[in-house]
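# Survey of secondary and tertiary structure
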Amino acid sequence: MMLDPYEIRKDFPILKRKINNHPLIYFDSAATSQKPRQVIEAIKNFYENCNANVHRGVHTLSQEASELYENAHEEVAKFINAKGMEEIVFVRGTTEAINLVAYAWALRSLKREDEVLVTLMEHHSNIVPWESLSKINGFQVKYVGVNNDGTLNYEVFENAISERTRIVCLPHISNVTGGINDVKKVVKMAHEHGALVLVDGAQSVPHLPVDVKDLDIDFLAFSGHKMLGPTGIGVLYGKHEILEEMEPFHGGGAMIKEVSFNTITRRCSISWNDLPWKFEAGTPNICGGVGLMAAIKYLKGIGMEAVRAHERMLTGYAMRRMKECEKVRVYGPKDASAKCGIIPFNVDELSSHDVALFFDSHAIMIRSGFHCAQPLHEKFKLKSSARASFYIYNTREEIDRFIEVLKEIAGF
Amino acid sequence: MNAVEDYVARVEETCGQDRGFVVILRYNKKDEAIAKILEKAKMEKSISRIVFELTFKNVSFRLYGTGKAIFRNLKDKRELKKVLADLLL
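Residues numbered from 1 in each chain as written. Chains lettered and ligands numbered in written order. Predicted model: local features only at pLDDT ≥ 70, side-chain atom pairs only at ≥ 80, totals over all residues. Heavy atoms only, no water.

### Observations concerning helix α11 (residues 304-322) of chain A
With 19 residues, α11(A) ought to run about 27 Å at 1.5 Å a step, and its terminal C-alpha atoms sit 27 Å apart, in line with that. Within α11(A), 14 of the 19 residues are buried, which leaves the element mostly enclosed by the surrounding structure. (Helix = DSSP H or I, 4+ residues; strand = E, 2+ residues; numbered from the N terminus. Expected span 1.5 Å × (residues − 1). Buried < 20%, exposed > 50% of the residue type's maximum accessible area, 1.4 Å probe, protein only.)

Quick look at the structure:
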């Protein structure tokens with residue numbers, strides 16, 4: 001069940017570009033993915049034909065926009081096998097989804113004696129909200145170390161969970177190494193201690209089948225722009241019963257049922273709207289939702305198993321070929337089947353930024369720096385790293401060209 | 001417009017412990033800017049006019065034929081601007 005990247009590429013107008021007289025090779029999909037014509041058309045069609053504000057509008061356009069926006073929630077729910085759209089909250093992206101859990105759940109639920117468990121491989125977006133919040137209500141943020149190849153040590157993890165642990169946070173896939181964590185195992189450990197689990201799915205939902213019921217995750221955060229959708233739209237999945245118990249994150253229009261002024265107390269009494277709208281204050285990113293729905297339909301058309309298989313093939317091929325380059329160090333798991341299409345590396349005596357600039361001069365787009373994961377780089381004793389990341393539109397020929405340029409860089 | 005603004009489109013600060021500044025030259029002025037820089041800085045190494053490893057007043061940097069340059073070990077943007085002004089004057 002392999003996909004045909006050459007057919008897929010026809011849907012991506014940007015891949016026809018030439019930069020510095022070289023054909024564009026886009027190896028930065030872990031930062032953001034490119035968008036197929038179907039997503040671009042869905043956005044264009046929305047603004048040309050259906051644009052209106054959603055909910056509580058009686059006119060035709062508002063009803064059409066509302067239906068599209070709700071359908072987008074339903075489409076996301078089916079994609080990750082949630083119970084229904086009441087478990088799907090649209091946010092700006094993974095970062096906002098994690099902040100929502102921190103400020104709407106943890107701020108009210110955690111006390112001084114409680115602990116939040118995070119890993120050393122976390123993206124900063126799953127560290128900073130917890131550290132900031134711990135300064136307000138005094139709970140402990142406890143870090144679980146990782147093995148030398150950046151993989152999780154499940155024994156250490158299990159020992160770190162205690163009765164004080166209220167929530168365990170981990171990435172499904174590391175955005176630095178591409179290593180895939182055994183989320184099911186961690187969820188089982190956490191639930192045995194009565195802790196909730198928040199999974200950062202920014203790098204997993206776009207690249208492999210994710211089933212929230214099977215994994216028994218309490219919260220899942222991910223971004224639309226890394227899965228062919230537009231920027232500014234993301235998702236927080238939460239189990240219905242947990243979201244129901246939570247207070248809203250933002251206050252404003254659309255997230256309330258009633259705001260009634262009492263002339264005696266001279267205060268307003270407020271009742272929250274139903275899920276998921278309780279968490280979507282103000283006019284939402286309607287068009288972003290429509291674009292995300294188109295992206296999901298596109299991915300479903302390919303099949304997530306096929307997406308996974310293609311990336312595994314590309315990653316294995318790239319890792320094998322990178323061994324031909326003597327001065328190149330590759331980090332993370334060595335087995336391509338244990339990771340997704342992300343390869344962090346460095347070239348001896350060169351900074352990652354030099355490497356990225358050199359690739360850029362050949363129109364090969366890769367990322368350099370900490371990738372918002374400084375603690376993991378400190379663990380690896382790295383000043384920074386270069387990162388190549390693949391998606392459905394990349395080919396073996398592009399990897400051959402990448403290796404050619406890499407050899408040139410290593411010879412510098 | 002002074003020399004720096006005339007030739008430089010933007011400056012990007014990189015992240016990592018090996019943090020530096022990536023200077024992106026204006027596309028329509030890049031060849032002129034590169035020529036000025038190559039005239040003033042000392043060439044340490046080059047690969048077929050794609051990358052030049054240069055030093056100028058004890059500041060080492062790499063210049064790319066695409067019109068980008070990376071400067072390291074500078075204190076801040078002000079220091080970078082001073083070096084760029086001297087190079088592009």
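### So, a nonpolar patch on the surface
Taken together, A:Val259, A:Ile270 and A:Trp272 make up a surface patch of nonpolar side chains, about 270 Å² in accessible area. Following the sequence through the fold, A:Trp272 ends up in strand β12 (residues 267-272). (Patch = residues over 30% accessible without salt bridge, like charges linked within 9 Å, V, L, I, M, F, W, Y side chains within 5 Å. Areas by Shrake-Rupley, 256 points an atom, 1.4 Å probe, with all protein chains shown as cover. Salt bridge = Lys/Arg side-chain N within 4 Å of Asp/Glu carboxyl O.)

### A short note on helix α12 (residues 352-361) of chain A
Structural remark: α-helix, 3.6 residues per turn; residues separated by three or four positions point the same way. Counting buried positions along α12(A) yields 10 of 10 residues, so the element is predominantly enclosed. Every buried residue of α12(A) is listed here: A:Ser352, A:His353, A:Asp354, A:Val355, A:Ala356, A:Leu357, A:Phe358, A:Phe359, A:Asp360 and A:Ser361.

### Some details on the confidence of the model for chain B
Confidence in the prediction of chain B, expressed as mean pLDDT, is 91, and 99% of residues score 70 or more. Complex prediction metrics read pTM 0.95 and ipTM 0.88. (pLDDT = per-residue confidence, 0-100.)

### Focus: the domain arrangement of chain A
The figure often quoted for interface size is the accessible area lost as the parts come together. All names here are of chain A. Examined at the domain level, chain A breaks down into domain 1 (40-300) and domain 2 (303-410). Taking only C-alpha atoms into account, the centre of domain 1 sits 29 Å from that of domain 2. With 33 residues of domain 1 in contact, the opposing surface of domain 2 contributes 28 residues. Both faces considered, domain 1 and domain 2 share a buried interface measuring about 2,400 Å² in area, 67% of it formed by carbon and sulfur atoms. The interface formed by domain 1 and domain 2 includes 14 residue pairs in polar contact (both at pLDDT 80 or more). Tallying contributions element by element places helix α10 (residues 286-302) first for the side of domain 1 that touches domain 2, with 3 residues. Its residues placed into classes, the side of domain 1 that touches domain 2 shows 16 nonpolar, 13 polar and 4 charged. (Domains from an automatic or database assignment. Contact = heavy atoms within 4.5 Å. Buried area = accessible area lost by both parts, 1.4 Å probe. Polar contact = N/O pair within 3.5 Å; in protein donor to acceptor, adjacent residues only side chain to side chain. Nonpolar A, V, L, I, M, F, W, Y, C, P; charged D, E, K, R; others polar.)

### A few points about the interface of chain B and chain A
Facing the 17 residues of chain B at the interface are 18 residues of chain A. Summed over both partners, the interface of chain B with chain A buries about 1,700 Å², with 64% contributed by carbon and sulfur atoms. For the pair chain B and chain A, the number of links is 3 salt bridges. Note that A:Asp354 is salt-bridged to B:Arg62, the shortest N-O span being 2.7 Å. There are 7 residue pairs in polar contact (both at pLDDT 80 or more) connecting chain B and chain A. Sorting the residues of the side of chain B that touches chain A by element identifies β3 (42-47), β4 (51-56), β5 (59-64) and β6 (68-72) of chain B as the ones contributing at least two each. Considering each element in turn, the side of chain B that touches chain A owes the most residues, 3 residues, to β6(B). Of the residues that constitute the side of chain B that touches chain A, the class distribution is 7 nonpolar, 4 polar and 6 charged.

### Description of the sheet that holds strand β4 (residues 88-91) of chain A
All names here are of chain A. Taking strand neighbours across the sheet as the criterion, the 7 strands line up as β4-β10-β9-β8-β7-β5-β6 in an open arrangement whose pairing is mixed. The two strands at the open ends of the sheet, each matched to only one other strand, are β4 and β6 (140-144). Taken over all neighbouring pairs, the strand axes of this sheet differ in orientation by 20° on average, direction set aside. Those strands touched by helix α4 (residues 94-109) are β4, β7 (165-171), β8 (196-200), β9 (219-223) and β10 (234-238), and its axis lies near 150° from that of β9. On top of the sheet, helix α5 (residues 128-137) reaches β5 (115-119), β6, β7 and β8; it is set at about 150° to β6, its chief contact. (Pairing = 2+ DSSP bridges. Axes fitted to C-alpha atoms, helices over the stretch in contact; angles between N-to-C directions.)

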